[in-house]
Amino acid sequence: MAGSIMAKRVEMTKMPELVAFMHSMIGMAAVFIAIAAVVEPQSLGIVKQLGDAIPAGNRLELFLGAAIGAITFSVR
């Protein structure tokens, strides 16, 4: 919804700023998804039960996704 409002208001000469804004929002979404996956991994099918450890490959993926997403969001 915010994206469609921004797209309607932005002039064509301001399109690079709109694309940068959208990429920043995607980075923030990646951080929130990684946080949700660490807090409740069983709801996303990463583990079978709540007490199970998150596999190393998934932990690496979540860390990289959150780190890159945070950088993308902060460099806007």
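What you are looking at is a predicted structure, and each value in this text was computed from that prediction instead of being measured. (Residues numbered from 1 in each chain as written. Predicted model: local features only at pLDDT ≥ 70, side-chain atom pairs only at ≥ 80, totals over all residues. Heavy atoms only, no water.)

## Describing the environment of methionine 12
Among the structural elements, methionine 12 can be located in the loop between helix H1 (2-9) and helix H2 (15-39). Take methionine 12: its relative accessible area is 68%, and that puts it in the exposed class. Spatially, the C-alpha atom of methionine 12 lies 15 Å from that of methionine 22, the residues being 10 residues apart in sequence. (Helix = DSSP H or I, 4+ residues; strand = E, 2+ residues; numbered from the N terminus. Buried < 20%, exposed > 50% of the residue type's maximum accessible area, 1.4 Å probe, protein only.)

## A few points about the environment of aspartate 52
Positionally, aspartate 52 belongs in the loop between H2 and helix H3 (56-74). Taking C-alpha positions, aspartate 52 is 8.9 Å from proline 41, a pair spaced 11 residues apart along the chain.

## Focus: the confidence of the model for the protein
With 99% of its residues at a pLDDT of at least 70, the protein reaches an overall mean of 88. Model confidence for the protein, summarised as mean pLDDT per element, is weakest for H1 at 76 and strongest for H3 at 93. (pLDDT = per-residue confidence, 0-100.)

## Let's talk about the packing of H2 against H3
Two elements in contact, H2 and H3, have axes separated by 7 Å at closest approach and are oriented at 150°. One way to sum up the angle between H2 and H3 is to call them roughly antiparallel. Like other packed secondary-structure pairs, H2 and H3 cross with a definite hand, here left-handed. Of H3, the residues touching H2 (which contributes His23, Ser24, Met25, Gly27, Met28, Ala30, Val31, Ala34, Ala37 and Val38) are Leu62, Gly65, Ala66, Gly69, Ala70, Thr72 and Phe73. Per-class residue counts for the contact of H2 with H3 are 11 nonpolar, 6 polar and no charged. (Axes fitted to C-alpha atoms, helices over the stretch in contact; angles between N-to-C directions. Parallel < 35°, antiparallel > 145°, perpendicular 65-115°, else oblique. Left-handed = near helix turned anticlockwise from the far one by under 90°. Contact = heavy atoms within 4.5 Å. Nonpolar A, V, L, I, M, F, W, Y, C, P; charged D, E, K, R; others polar.)

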